[in-house]
Each structure stands twice: as C-alpha cells, then as structure tokens.
Amino acid sequence: CALGDATLWCRDPAQADSLQHQRENAAKLPGVPLPDGVKVTSDLAQVNAETVLLAIPMQQTRPFLEAHGECFLERRLIACSKGIDLDLMIGPVGVIRSVLPSAHVALLTGPSFADDIARGLPTALTLACDEAELGMELQEQLSTPNLRLYRNSDVIGAELGGALKNVIAIAAGVTIGAGLGESARAALMARGYAEMQRLALSLGAQPDTLAGLSGLGDLILTCGSEKSRNFRYGMALGQGAAFDSTTTVEGAATARAVAKLAKSRSLDMPVTRMVAALVEGLITLPEALAALLARPLTDE
Ligand SMILES: NC(=O)C1=CN([C@@H]2O[C@H](COP(=O)(O)OP(=O)(O)OC[C@H]3O[C@@H](n4cnc5c(N)ncnc54)[C@H](OP(=O)(O)O)[C@@H]3O)[C@@H](O)[C@H]2O)C=CC1
Ligand SMILES: O=C(CO)COP(=O)(O)O
C-alpha cells in the first residue's frame with residue numbers, strides 16, 4: 001500500500017459509515033480532516049495490514065483481544081494504551097502477549113495529545129520493542145517529518161511510565177482544582193515521579209527509561225495541561241464537581257491497580273495510595289491532604 005494508507009476500524013457501524021463519508025470525527029477531533037489514504041470500516045475482516053495499532057482503553061483491551069484475537073494472528077501489534085489491567089496487573093504489551101503468546105508486539109507511548117499529532121504539530125514518542133529488528137522497522141515505518149520516534153528495548157519501563165504518570169496527573173489536577181497552588185503541584189509531581197521510579201525499578205524497568213519521553217516527558221505534559229483528561233478529572237475531584245463518566249480516565253483504574261501492587265511489594269507510594277482512595281471515595285480531600293502532610297519527615 002502507498003505511504004500513509006491505513007484502515008481505521010471502529011466497532012460502531014454507524015460511526016464507521018459517518019467517518020468514511022464525512023471524513024472528520026466531529027466529536028473528538030473537530031476540524032481535522034481524515035487523510036485521503038485512510039479507509040474506515042467496522043468490519044475487522046477488512047483490517048488486513050501487517051502492522052496494527054491497538055488504541056483501545058486499557059481495561060477493554062483484554063476482553064477485545066479475547067473476542068477478536070484470531071483476527072490478529074501473524075500481525076505486528078503496537079499497543080497504544082496507557083494503564084495496568086486490573087485483573088492481570090500488567091500493562092498493554094503484557095496483556096497482548098497473555099492472549100496472543102506468539103504475537104510480535106511493540107508499544108507506542110510518550111507525551112502526545114491526539115489533537116496535536118492530528119494537526120501535525122512536532123511530537124516525539126517512544127517506540128518500545130524487545131525485538132531489535134522489529135523495533136527498527138517500526139521506527140522507520142511510523143516516524144514522519146513531524147513525529148520523531150525514539151527506540152527503546154525496555155518495554156516494561158515504557159509501559160509503566162505511561163501508566164503511572166496518569167495517576168500523578170490526577171493528583172496534580174486535584175491540587176489545582178482544590179486551589180492548593182502551583183508549588184504544591186510541583187511537589188506532587190516530583191514526589192510522584194519518585195514513586196513511579198520506586199515501583200518501576202522494583203518491576204525490572206531501567207531508570208533511564210523513566211527519565212525519558214515515556215515517563216518524565218509524559219508526566220510533564222499530563223500534569224501541566226487541561227487538555228489531559230486525567231488532569232481534568234483530578235481538577236473535578238479537587239473542586240468537588242461532577243465529571244463525565246463516559247470520558248476515558250486511565251489513571252483512575254491504574255491508581256487502584258498500582259496501590260495494590262505497591263502493597264503486595266511493600267513499597268511506600270503515598271501519593272498513589274491517596275489518589276486510589278480518593279477515586280474510590282474512601283477518603284475526603286481534607287483527609288488525604290492531612291495524611292500526606294502528617295507523614296514523618298524523611299530523606300529525599
Ligand atoms: N487521546 C490521547 O491524546 C492519547 C491517548 N492515549 C491512550 O490511548 C488509549 C485510548 O485513548 P483514546 O483513544 O483517547 O480514548 P477514547 O475514549 O477517546 O477512545 C477510545 C476508543 O476505543 C473504542 N473502544 C472502547 N472500548 C472498546 C471495545 N471494548 N471494543 C472496541 N473498541 C472499543 C471506543 O469506541 P466507541 O467510540 O465506540 O466507544 C473509542 O473509539 C488510552 O489508553 C489512552 O491513554 C495515549 C496517548 C494520547
Ligand atoms: O497520554 C496522554 C498524553 O500523552 C493523554 O492524556 P489523557 O489521557 O490524560 O488525556
């Protein structure tokens with residue numbers, strides 16, 4: 001197929017039909033025309049490309065693959081979601097491998113709002129793959145003049161960076177929403193990053209990966225922008241306001257998964273613990289704040 005040709009699958013036939021003919025996703029990416037080379041379908045049998053990007057929210061990825069996995073045999077699968085499966089306690093690449101053990105899998109992650117990429121703004125991402133040759137091929141295939149992909153063989157580190165930053169983004173949003181100030185947000189980001197490293201290193205990640213695009217890079221983006229749904233969700237929590245429950249907020253489930261993981265590994269992750277408790281409605285914001293500030297003074 002020609003460079004730029006792609007098939008976009010979505011589960012709703014009416015939506016596929018509208019996208020194919022209107023050439024715009026007015027609800028999610030208004031004003032961004034679909035490139036001419038993109039064909040939209042709701043029929044998975046029409047998806048016959050060798051390289052498939054899976055961009056389904058984390059908790060839906062496993063059920064989706066269990067139902068449709070046979071359509072993806074012999075393909076190169078690139079996970080695009082950020083999170084931890086609440087049942088298996090692993091990230092998207094792990095989930096794909098658990099359902100399709102012989103799949104060739106990579107992960108695309110890092111700081112990028114879909115809207116920025118769709119508008120062709122300059123963006124840099126991590127392409128994580130533990131098969132060296134495949135990683136190089138995918139890097140070439142998916143990079144564009146405005147989208148620079150950096151290769152990384154540390155898949156677990158890249159998965160965890162993308163998953164964990166969403167939890168800290170919720171905390172940052174809470175801080176701003178509750179009017180606690182930008183100094184408090186910076187403190188939470190730095191202490192949150194320490195928690196990200198603590199868990200990721202204990203699960204075998206490389207420290208450099210966490211310091212790269214998929215960890216620190218995405219943390220900075222998501223904790224600093226109201227374009228982030230995790231940040232906006234945190235703001236609503238901080239303001240005591242309602243939040244649209246149909247919006248994808250990966251950090252909410254991930255906070256619960258990470259709090260459990262941390263407990264089982266005896267890791268101290270107080271910011272994550274508070275986010276998980278707030279998300280589950282187990283504590284109030286004043287209680288969370290008091291608990292964080294009352295912790296014994298310690299080394300950095
Ligand atoms: N948006 C962004 O800027 C970025 C998102 N990501 C990550 O990508 C992942 C997806 O996010 P995003 O696309 O923004 O989320 P959205 O909620 O905007 O879209 C999710 C898409 O997945 C589809 N979907 C949901 N459940 C299923 C299912 N069970 N079977 C088939 N399709 C399903 C939805 O279909 P339907 O419309 O029919 O509900 C929708 O098309 C997340 O993990 C997110 O963290 C990563 C980087 C940037
Ligand atoms: O992961 C993202 C940016 O890199 C998107 O963030 P949100 O899911 O919080 O909108």
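In this text the structure is predicted, and so the values were computed from the model without any measurement.

Our next topic: the overall build of the protein. On a plain count of helices and strands, the protein comes out with 13 helices and seven strands. In terms of overall dimensions, the protein is globule-like: its C-alpha atoms have a radius of gyration of 19 Å, near the 19 Å expected for 300 residues. Overall, the protein is about 60 × 40 × 35 Å in size when its C-alpha atoms are taken along their principal axes. Every one of the 300 residues in the protein was classed for burial, and the buried ones make up 38%. Pairs at least 24 residues apart make up 68% of the contacts formed inside the protein by residues separated by at least 6 positions.

A few words on the site of ligand 2. Taken together, 13 residues are adjacent to ligand 2, and P111, D218, S228, R229 and N230 come closest. Looking at the shell around ligand 2 element by element, the count peaks at three residues for helix 9 (residues 213-223). Among the residues forming the shell around ligand 2, the class breakdown is four nonpolar, five polar and four charged. Residue-level mapping places the shell around ligand 2 at the junction of two domains, with at least three residues from each of domain 1 (6-155) and domain 2 (168-293).

Surrounding ligand 1, one finds 19 residues, the nearest of these being Q60, S81, K82, A114 and T248. Class assignment of the residues belonging to the shell around ligand 1 gives a composition of nine nonpolar, five polar and five charged.

With that out of the way, let us pick up the sheet that holds strand 4 (residues 76-79). Adjacent strands of a sheet pair through backbone hydrogen bonds, lying either parallel or antiparallel. Reading across from one edge, 3-4-5-6-7 is the order of the five strands in this open sheet, with mixed pairing throughout. Sheet topology places strand 3 (51-54) and strand 7 (147-152) at the edges, where each strand pairs with a single neighbour. Within this sheet the neighbouring strands show an average axis-to-axis angle of 25°, counted without direction. Here strand 4 runs beside strand 5 (residues 104-109); their pairing, made up of four bridges, is parallel. For A79, the partnering residue across the bridge sits in strand 5 and is L107. Lying on the sheet, helix 5 (residues 132-142) is in contact with strand 3, strand 4, strand 5, strand 6 (123-128) and strand 7; it crosses strand 7 at an angle near 175°.

Under the present numbering, the feature "active site" (unreviewed entry) in UniProt falls on K165. Relative to the elements of secondary structure, K165 occurs in helix 6 (residues 155-177). Its 33 C-beta neighbours within 10 Å are what place K165 among the buried residues. Look past the residues within four positions of K165 in its chain and what remains in contact with it is M196, G215, D218, L219 and T222.

The next point concerns the domain arrangement of the protein. Domain parsing of the protein yields domain 1 (6-155) and domain 2 (168-293). Centre-to-centre separation of domain 1 and domain 2, based on C-alpha positions: 25 Å. With 18 residues of domain 1 at the interface, the matching set in domain 2 holds 19 residues. Of all the secondary structure elements, the ones that give two or more residues to the side of domain 1 that touches domain 2 are helix 2 (58-68), strand 6 and strand 7. No other element matches the three residues that strand 6 contributes to the side of domain 1 that touches domain 2. Its residues assigned to classes, the side of domain 1 that touches domain 2 shows 10 nonpolar, six polar and two charged.

Cut-off values and rules
Residues numbered from 1 in each chain as written. Chains lettered and ligands numbered in written order. Predicted model: local features only at pLDDT ≥ 70, side-chain atom pairs only at ≥ 80, totals over all residues. Helix = DSSP H or I, 4+ residues; strand = E, 2+ residues; numbered from the N terminus. Rg over C-alpha atoms; globule rule 2.2 N^0.38 Å. Buried ≥ 20, exposed ≤ 12 C-beta atoms within 10 Å, placed from the backbone. Contact = placed C-beta atoms within 7 Å. Near = placed C-beta within 6 Å. Nonpolar A, V, L, I, M, F, W, Y, C, P; charged D, E, K, R; others polar. Domains from an automatic or database assignment. Pairing = 2+ DSSP bridges. Axes fitted to C-alpha atoms, helices over the stretch in contact; angles between N-to-C directions. UniProt positions renumbered as here; feature names shortened; annotations may be inferred.

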